[in-house]
Amino acid sequence: MNRPSYGYSAEDSPQPDQQPTCPRHPDRVSYVRCKRCERPACPDCQRGAAVGMLCVDCERQLNRQQASTRPRNSMGGAMTRGAPVVTYTLIALCVLAYLGQMLAPHIVNQLGMFAPFRALVMPWTFLSAGFLHAGILHLVLNMYALYICGQYLEQVMGRWRFAAVYLISVLGGHTAVFLLTSAASLDWFGGTLGASGGVFGLFAALFIVNRNRGAQTTQILVLIGLNLVITFTVSNISWQGHLGGLAMGAAVTAAMFALRPRATATSDRQALGRRAALLHGGVIAAAVVLCLLLVAGKAVMVGML
Ligand SMILES: [Zn+2]
Ligand SMILES: [Zn+2]
């Protein structure tokens with residue numbers, strides 16, 4: 001018997017042939033045991049925890065259990081913590097685009113503005129026009145609304161759902177402009193720009209989110225009403241874009257709530273979150289396809305396709 005003694009004499013351990021070894025590293029003797037499963041763990045497999053030393057397997061198992069019971073947002077997604085980065089990013093993009101418009105107005109407006117007659121050959125304008133503005137007041141009003149709605153909705157809906165609702169509302173707004181503008185009118189050749197379609201989409205999302213959470217909705221209805229009055233009384237405002245954004249934001253947010261999987265006391269929150277993400281990704285995809293079909297239909301009607 002020529003084993004290393006590790007400070008223990010043969011009298012101390014009744015079965016010297018069965019020294020405790022790490023289950024993951026059978027060649028390493030370890031007298032330190034995991035607080036949870038009580039198996040020996042070598043220094044490489046020891047993990048410090050609040051309750052004492054855990055082995056690497058127990059640590060992993062506990063992490064997984066914690067993840068499956070972690071609270072989810074009202075859409076079933078992971079809770080968003082920290083600054084509303086999507087909101088800030090959208091605002092930064094609009095401000096940058098506005099600087100571009102001031103530095104090179106012809107180039108930026110020509111490339112980014114949405115105009116029905118050229119929408120099919122410049123399909124990016126369905127989104128890019130949502131980042132351009134007609135003046136500093138237009139920019140400031142839209143960015144203020146985006147900031148107020150965004151920081152709340154981004155927390156409640158989660159980052160990517162919020163970004164998706166915003167962008168799909170911009171797309172919906174320009175789709176409505178394309179659908180509801182007569183190809184025989186001058187407007188067919190006129191340009192549309194502004195984040196208003198997206199902002200109206202957020203107004204609608206705000207209403208539906210608060211209704212589903214049982215929060216008050218009167219203020220939002222007043223806000224939407226006021227903005228609709230402005231839309232229809234001030235000339236030079238694209239009412240089609242505003243209504244399109246409003247309808248799209250409402251439809252997509254309502255569909256997300258309707259399809260969200262319900263949590264029960266025993267359900268695995270992580271699996272639930274994955275199912276919600278899949279369903280909600282499907283909602284967004286369906287909305288994009290709907291816009292494409294509507295645009296294609298109108299294009300065929302007016303002989304563009
Ligand atoms: Zn353990
Ligand atoms: Zn080990």
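Residues numbered from 1 in each chain as written. Chains lettered and ligands numbered in written order. Predicted model: local features only at pLDDT ≥ 70, side-chain atom pairs only at ≥ 80, totals over all residues.

### Considering the overall build of the chain
Helix and strand content of the chain: 10 helices and 2 strands. Element order for the chain, N to C, with α for helix and β for strand: β-β-α-α-α-α-α-α-α-α-α-α. Over its C-alpha atoms the chain spans a radius of gyration of 29 Å, topping by over 25% the 19 Å that the globule rule assigns to 305 residues. The principal-axis extents of the C-alpha atoms in the chain amount to approximately 100 × 45 × 35 Å. For the chain, buried positions account for 34% of its 305 residues. (Helix = DSSP H or I, 4+ residues; strand = E, 2+ residues; numbered from the N terminus. Rg over C-alpha atoms; globule rule 2.2 N^0.38 Å. Buried ≥ 20, exposed ≤ 12 C-beta atoms within 10 Å, placed from the backbone.)

### A word on the confidence of the model for the chain
Per-residue confidence for the chain averages 89 on the pLDDT scale, and 94% of its residues sit at or above 70. The low-confidence segment residues 5-14, where pLDDT is below 50, has 4 contacts with residues more than four positions distant or belonging to other chains. (pLDDT = per-residue confidence, 0-100. Contact = placed C-beta atoms within 7 Å.)

### Details of the environment of Leu 167
Here Leu 167 lies in helix H6 (residues 159-180). In the structure, Leu 167 is positioned 74 residues away from Gly 241 in sequence and 13 Å away in space, judged by C-alpha atoms.

### As for unusual backbone geometry
Located in the positive-phi region is Glu 38, a residue other than glycine, with phi close to 65 degrees. Turning to its location among the elements, Glu 38 is positioned in the segment before strand E1 (46-49). Classification of Glu 38 as exposed rests on a count of 10 C-beta atoms within 10 Å.

### Focus: the nonpolar core
Counting residues in hydrophobic clusters, the biggest one holds 57 residues, and the most contacted among them are Leu 153, Leu 202, Phe 203 and Leu 206. Mapped by element, the contributors of at least two residues to this core are helix H2 (85-103), helix H5 (136-157), H6, helix H7 (196-213), helix H9 (239-259) and helix H10 (269-301). Residue contacts for Leu 206: discarding those within four places in its chain leaves Cys 149, Leu 153 and Ile 220. Cys 34, Ala 41, Leu 54 and Cys 55 belong to the second-largest nonpolar core, a separate cluster that totals 7 residues. (Core = buried A, V, L, I, M, F, W, Y, C linked by C-beta atoms within 7 Å.)

### Some details on the pairing of strand E2 (residues 52-55)
Bridge analysis of E1 against E2 gives 4 bridges, and the strand direction is antiparallel. The partner of Gln 46 across the bridge, within E2, is Cys 55. Taking the residues that link successive antiparallel strands as the turn, the E1-E2 hairpin has 2 residues. (Pairing = 2+ DSSP bridges.)

### So, the packing of H6 against H10
Working note: a packed helix pair is described by the angle between its axes plus the distance between those axes. Axis separation between H6 and H10 bottoms out at 10 Å; the angle between their running directions is 15 degrees. One way to sum up the angle between H6 and H10 is to call them roughly parallel. For the crossing formed where H6 meets H10, the hand is left-handed. Between H6 and H10, the residues in contact are Arg 161, Ala 164, Ile 168, Leu 171, Gly 172, Thr 175, Phe 178 and Leu 179 and His 280, Ile 284, Ala 287, Val 288, Cys 291, Leu 294, Val 295 and Lys 298, respectively. Here the contact of H6 with H10 is built from residues that sort into 11 nonpolar, 3 polar and 2 charged. (Axes fitted to C-alpha atoms, helices over the stretch in contact; angles between N-to-C directions. Parallel < 35°, antiparallel > 145°, perpendicular 65-115°, else oblique. Left-handed = near helix turned anticlockwise from the far one by under 90°. Nonpolar A, V, L, I, M, F, W, Y, C, P; charged D, E, K, R; others polar.)

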